[in-house]
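Structural overview for review
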Amino acid sequence: MRTFIIRARSGTTKWERVRSSVGGKNHFEVIAHSVMNAFFVSNGFREDVEVYIVLESSEDFPRTIKLSGGEGLSLSGFHEEAILEVVEKALKDSVNLKKDEMQKIAPGLQIYGFGFEKCVANLLGARPVYLLDRKGEDLRTVSFPPDPVFVLSDHLAMPKNSVKGLMRKGLKAISLGRKMLFASQCVVLIHDELDRSI
């Protein structure tokens, strides 16, 4: 299983604001493109992938949406609209979700009433977790164990204090090079490296 955690610091938890967040200052399209590149290949769909979208722009508490190819996730197509539909559904169908609760929305689609730190902590106990950081070890020199988890941020950089805290918890920093890339591009490069090693 390959897992991607996408921290959307400006990601809304209001379903009715998702579409208006595309193309504006909140850049929800970054999330949509990352999810598309995580799951889709030419004429195919990666069932060995799961994506956690952590939405932090909330009036009460953050939400984390889990998309799992191995649990029957269904997307209507390889386009932005299909991802927006799934995110909207998860948020709309869980309007009564309480903090720290989990709700199953559909096969391969769940939502949790918690945010980034707890999402990472839950996976860190049993899986190797890697943080994308330009100062990290070159991706091409890393020998990845089974079931790796990769932590990315949307268009807003991960706060420095957050990075330091994650490193103290045991995350390993890896780099894709000196240039700052879109999260969706990072997903493609990670997939390519892992595909080549199989």
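Presented here is a report on the structure given in the accompanying data block. (Residues numbered from 1 in each chain as written. Predicted model: local features only at pLDDT ≥ 70, side-chain atom pairs only at ≥ 80, totals over all residues. Heavy atoms only, no water.)

Glancing now at the overall build of the chain. What the chain contains, in helices and strands, is five helices and 10 strands. At 16 Å, the chain has a C-alpha radius of gyration in line with the 16 Å of a compact globule built from 198 residues. Its C-alpha atoms give the chain principal-axis dimensions of about 45 × 40 × 35 Å. Burial status across the chain gives 49% buried among its 198 residues. Restricting the contact set of the chain to residue pairs at least 6 apart, pairs at least 24 apart contribute 68%. If you sum the accessible surface of the chain, you get close to 10,100 Å²; carbon and sulfur atoms cover 49% of it. For the chain, the distance from the average site of its 28 positive side-chain charges to the average site of its 25 negative ones is 6 Å. (Helix = DSSP H or I, 4+ residues; strand = E, 2+ residues; numbered from the N terminus. Rg over C-alpha atoms; globule rule 2.2 N^0.38 Å. Buried < 20%, exposed > 50% of the residue type's maximum accessible area, 1.4 Å probe, protein only. Contact = heavy atoms within 4.5 Å. Areas by Shrake-Rupley, 256 points an atom, 1.4 Å probe, with all protein chains shown as cover. Lys, Arg positive; Asp, Glu negative; His and termini not counted. Charge placed at Lys NZ, Arg CZ, Asp CG, Glu CD.)

Overall, mixed pairing links the eight strands, which are arranged β6-β7-β5-β4-β1-β9-β8-β10 in an open sheet. At either end of the open sheet lies a strand with only one pairing partner, and these are β6 (102–106) and β10 (172–175). Averaged over all pairs of adjacent strands, the angle between their axes in this sheet comes to 30°, without regard to strand direction. Here β6 pairs with strand β7 (residues 109–112) via four bridges, running antiparallel. Looking across to β7, one finds that Lys-104 is bridged to Gln-110. This element, helix α1 (residues 29–39), spans β1 (2–12), β4 (49–57) and β5 (63–68) of the sheet and lies at about 170° to β4. (Pairing = 2+ DSSP bridges. Axes fitted to C-alpha atoms, helices over the stretch in contact; angles between N-to-C directions.)

The next thing to look at is the packing of α1 against helix α5 (residues 183–197). Running from N to C, α1 and α5 point in directions that differ by 15°, and their axes come no closer than 8 Å. On the basis of their axis angle, the class for α1 and α5 is roughly parallel. Relative to α5, the crossing made by α1 is right-handed. Counted together, Val-30, His-33, Ser-34, Asn-37 and Ala-38 of α1 and Ala-183, Ser-184, Val-187, Val-188 and His-191 of α5 form the full contact between these two elements. Counted by class, the contact of α1 with α5 contains five nonpolar, five polar and no charged residues. (Parallel < 35°, antiparallel > 145°, perpendicular 65-115°, else oblique. Left-handed = near helix turned anticlockwise from the far one by under 90°. Nonpolar A, V, L, I, M, F, W, Y, C, P; charged D, E, K, R; others polar.)

A volume near 730 Å³ is recorded for the largest pocket. What lines the largest pocket is a set of 28 residues, and nearest its centre among them are Leu-132, Asp-133, Arg-134, Ala-157 and Met-180. At the level of elements, β8 (129–138), β9 (149–153), α4 (160–168), β10 and α5 are the ones that each hand at least two residues to the lining of the largest pocket. With five residues, β8 is the largest single contributor of residues to the lining of the largest pocket. Looking at the second largest pocket, its volume works out to about 210 Å³. In terms of residue class, the lining of the second largest pocket is made up of eight nonpolar, two polar and five charged. (1 Å grid on protein atoms, 1.4 Å probe; cavity = no way out; pocket = protein on both sides within 12 Å on 5 of 7 lines; lining within 4 Å. Points joined across faces, edges and corners; volume = space filled by probe spheres on them.)

We now examine the pairing of β4. Consecutive side chains of a regular strand alternate in pointing toward one face of the sheet and then the other. β4 sits mainly inside the fold: seven of its nine residues count as buried. In this structure, β1 lies alongside β4, joined through eight bridges in parallel fashion. Of the residues in β4, the one forming a bridge with Phe-4 is Val-51. Two elements, β4 and β5, share six bridges in a ladder whose sense is antiparallel. Residue pairing for β5: Ile-53 is matched across the bridge by Ile-65. Hairpin connection from β4 to β5: five residues lie between these consecutive antiparallel strands.

Scope: geometric values only; no functional claims are made or implied.
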